[in-house]
Amino acid sequence: MTLPDLPTLWTELHGLIRHTLATNDLAQGGLLIAALSAAAMYARTLPGMLWSRLKHHMTLTLDVQGDDAAFPWLAAWLAAQPVGRKLSHLGVVTRFNEQMGGQNLTLGTDRDGDEINVRLVPLSGQVLLRYRGHWLLARPERQRRGQGEQHLGYSHSLTFRMLASSRGIVPTLLQEAYTFTAGRADGKVEIYVPQYEGWRLVERRPARALSSLIYDTDLVSGLHTDLQAFFADHDWYAGMGIPYRRGYLLHGPPGNGKSSLVAALAGAFGLNVCVLNLATPDLNDDRLTSLLANLPRRALLLLEDIDAVFLGREPRAPTVKLSFNGLLNALDGVAAGEGRVTFMTTNDLAGLDPALIRPGRADRHLPVANATQAQLAGMLRRFWPGWSVEDAGQLAAQIPDGVLSMAQVQEFLLERRADEPAVRRDWQSLRPRATGCPTWINLRAG
Ligand SMILES: Nc1ncnc2c1ncn2[C@@H]1O[C@H](COP(=O)(O)OP(=O)(O)OP(=O)(O)O)[C@@H](O)[C@H]1O
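Since this is a predicted model, take the numbers as computed values, not measurements.

*Asks:* Could you give me a rundown of the pairing of strand β9 (residues 198–206), with the residues and numbers involved?
*Replies:* One ladder, built from eight bridges, connects strand β8 (residues 188–195) with β9; its direction is antiparallel. Residue pairing for β9: V189 is matched across the bridge by R205.

Here it is as structure tokens:
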């Protein structure tokens, strides 16, 4: 038997279908229902399709995650808009920074007469506002992090959807939000801490005057001059092919102003500070590399207590995920950023591996020791500016050099700030803390 060719087969099939449809009512009905269902389905999806086409061509969406530097600018800008106050899902925060925006409430004053403030900040919801002739739908959102029982706090995001076909509106909005917060940031130092692979703003504090830190060496002026030269030397570094980075190691007993000095220097140069403690949980080689690659612009990096994680090259605890080589690579890596200034602090210089603090990583090693008598006198006169140099000097001379931390003296004076006679009366009772100063014990024993 020979098989029919394709055109013949199609003609026969076509004829059969036509015949069936013409003579069979059931087939006619079935076809009609199928056609109608297809049309209904299409009609149902039509509005959705049209809407998504319209959205695609007529709207712009701007998404900002909470850990991005632009988030606080936009959040503060939104909170300051009249409609921003209409967001009805609010959070109460008592620890806030100015950039958070939101409505401030003063509840009263505490024992010291300082105001107790809380702030209401929008957490979620959506508002429609008019911005430069465009409609803008703003939606703050808060998502719970962690699964099931595991609760790792919340992450925040902000979405702006706008009816605009041109992208020109986005840079304008960003610029406005930035200027809005930067204008208010004048004279403040922003403190960032790690969050995932990036940095989270935790505080904006007034810049501390360098002159409020009391040393009897040229530590402050020396550092200021060195940094000034570094910031002016970009082309020189480039010409020499030397990585444009500067590192400082501040070492000495706790409480003598290492961290305060870094914050004050940041303020003096209009910079911010990113504080990283190497003992941060879950810090591994990859995360450290990302953190250094993602440093916010114009920020000093402060690596606090670098002795806390490694003794020499060995991890101090089995839980440490960072490797010593990973740390060195992150500090040196190309991703670690040009123009970076790093301050490392430690209370235990002897416990550090020389590789970590060699020039290139820590170009200058600066001791920040316990208080000398000159510093003690300086501190006394800062609290009691009316005291003569001789008066303060006499009191200071009762305590040997290098036995008290400046933090301890500050605490002592703070407790007696309304009771000047108590300072003279109790001065002799000032003793170093048990763990603090072996020197004192030696001196007394001698
Ligand atoms: N040289 C100083 N002049 C004025 N105040 C000081 C000085 N040193 C420390 N203080 C005060 O002591 C407090 C603690 O200082 P800071 O935290 O900067 O010390 P630190 O050396 O970084 O301590 P740690 O090693 O524990 O981190 C601050 O409130 C600061 O005002």
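*Asks:* Which residues make up the sheet that holds strand β6 (residues 134–144), and what values go with them?
*Replies:* With antiparallel pairing, four strands are arranged side by side in an open sheet as β1-β7-β6-β5. The sheet is open, and its two borders are formed by β1 (59–65) and β5 (127–131), each paired with just one other strand. The sheet shows a mean angle of 25° between the axes of neighbouring strands, taken without regard to direction. Set on the sheet, helix α3 (residues 70–80) makes contact with β1, β6 and β7 (154–163); between it and β1 the angle comes to about 115°.

*Asks:* Kindly report on the site of the ligand, identifying the contributing residues and their values.
*Replies:* Neighbouring the ligand are 15 residues; P254, G257, S260, M406 and A407 lie closest to it. Of all the secondary-structure elements, those providing two or more residues to the shell around the ligand are α7 (258–268) and α12 (406–415). Residue contributions to the shell around the ligand reach at least three from each of two domains, namely domain 2 (205–367) and domain 3 (373–445).

*Asks:* Go over the packing of helix α8 (residues 285–293) against helix α9 (residues 324–332), please, and point to the residues and values.
*Replies:* Where α8 contacts α9, the two axes come as close as 9 Å, and the packing angle between them is 15°. One way to sum up the angle between α8 and α9 is to call them roughly parallel. Between α8 and α9 lies a crossing whose hand is right-handed. On α9, the residues that touch D285, L288, T289 and L292 of α8 are G326, L327 and A330.

*Asks:* Got a sec to walk through the sheet that holds β9? Specific residues and values, please.
*Replies:* Read from one edge of the open sheet, seven strands run β9-β8-β11-β12-β15-β10-β16, paired in mixed fashion. At either end of the open sheet lies a strand with only one pairing partner, and these are β9 and β16 (364–367). Ignoring strand direction, the axes of neighbouring strands in this sheet form an average angle of 25°. Alignment of strand β10 (residues 245–251) against β16, held across four bridges, turns out to be parallel. When the bridges of β16 are listed, H251 appears paired with P367. The sheet contacts of α7 involve β8, β10, β11 (272–277), β12 (299–304) and β15 (340–346), and relative to β12 the element is tilted by about 175°.

*Asks:* I'd love a proper account of the packing of helix α10 (residues 373–383) against α12, names of residues and values included.
*Replies:* At a minimum axis distance of 11 Å, the contact between α10 and α12 shows a crossing angle of 30°. It follows that α10 is roughly parallel to α12 by the angle criterion. Considering how the two elements wind past one another, α10 and α12 form a crossing that is right-handed. Along its contact with α10, which presents Q375, L376, M379 and F383, the element α12 presents M406, V409, Q410 and L413. In terms of residue class, the contact of α10 with α12 is built from six nonpolar, two polar and no charged.

*Asks:* So what about the pairing of β11? Which residues, and what values?
*Replies:* For β11, a buried count of five out of six residues is recorded, marking the element as mostly surrounded by other parts of the structure. Summarising the sheet, β11 and β12 pair through six bridges and their orientation is parallel. Bridged to V275 within β12 is L302.

*Asks:* Account for the nonpolar core, with residues named and values stated.
*Replies:* Grouped together as the largest cluster of nonpolar side chains are 44 residues, with contacts concentrated most on V262, V273, C274, L300, L301 and L302. Looking at which element gives the most residues to this core, the answer is α7, with six residues. Those residues in contact with L302 that sit more than four places away from it in its chain are S259, V262, V273, C274, V275, L276 and F343. Residues W73, L74, A76 and F160 belong to the second largest nonpolar core, which totals 17 residues.

*Asks:* Give me α3: which residues, what numbers.
*Replies:* Extensive coverage of α3 is indicated by the burial of nine of its eleven residues. Those residues of α3 not exposed but buried are F71, P72, W73, L74, A75, A76, W77, L78 and A79.

About the criteria used
- Throughout, a residue's number is its position along its own chain's written sequence, starting from 1.
- With the structure being a predicted model, the display of local features is reserved for residues of pLDDT at least 70 and the display and counting of side-chain atom pairs for 80 or more, all residues being used for whole-chain, interface and lining totals.
- At least two DSSP bridges between two strands are needed for those strands to be called paired.
- Counting from the N terminus, the helices are DSSP H or I runs at least four residues long and the strands are E runs at least two residues long.
- In this description, a line fitted to the C-alpha atoms serves as the axis of each element, helices being fitted only across the stretch in contact, and the angle between N-to-C directions of two axes falls anywhere from 0 to 180 degrees.
- This entry defines residue contacts through backbone-placed C-beta atoms, with two residues in contact when those atoms are within 7 Å.
- What makes a residue near a molecule or strand is its C-beta atom, placed from the backbone, lying within 6 Å of it.
- The split of the chain into domains comes from an automatic or database domain assignment.
- Roughly parallel here means an angle under 35 degrees, roughly antiparallel means over 145, roughly perpendicular means 65 to 115, and every remaining angle is called oblique.
- Helix crossings fall into two classes, left-handed where the near helix is turned counterclockwise from the far one by less than a right angle and right-handed where it is turned clockwise.
- Residue polarity is assigned by list, with Asp, Glu, Lys and Arg as charged and Ala, Val, Leu, Ile, Met, Phe, Trp, Tyr, Cys and Pro as nonpolar; anything else, Gly included, falls into the polar class.
- Here a residue counts as buried when 20 or more other C-beta atoms fall within 10 Å of its C-beta, as exposed when 12 or fewer do, and as partly exposed in between; the C-beta atoms come from the backbone.
- To define a nonpolar core, we join buried Ala, Val, Leu, Ile, Met, Phe, Trp, Tyr and Cys residues through C-beta atoms within 7 Å and take the resulting set.

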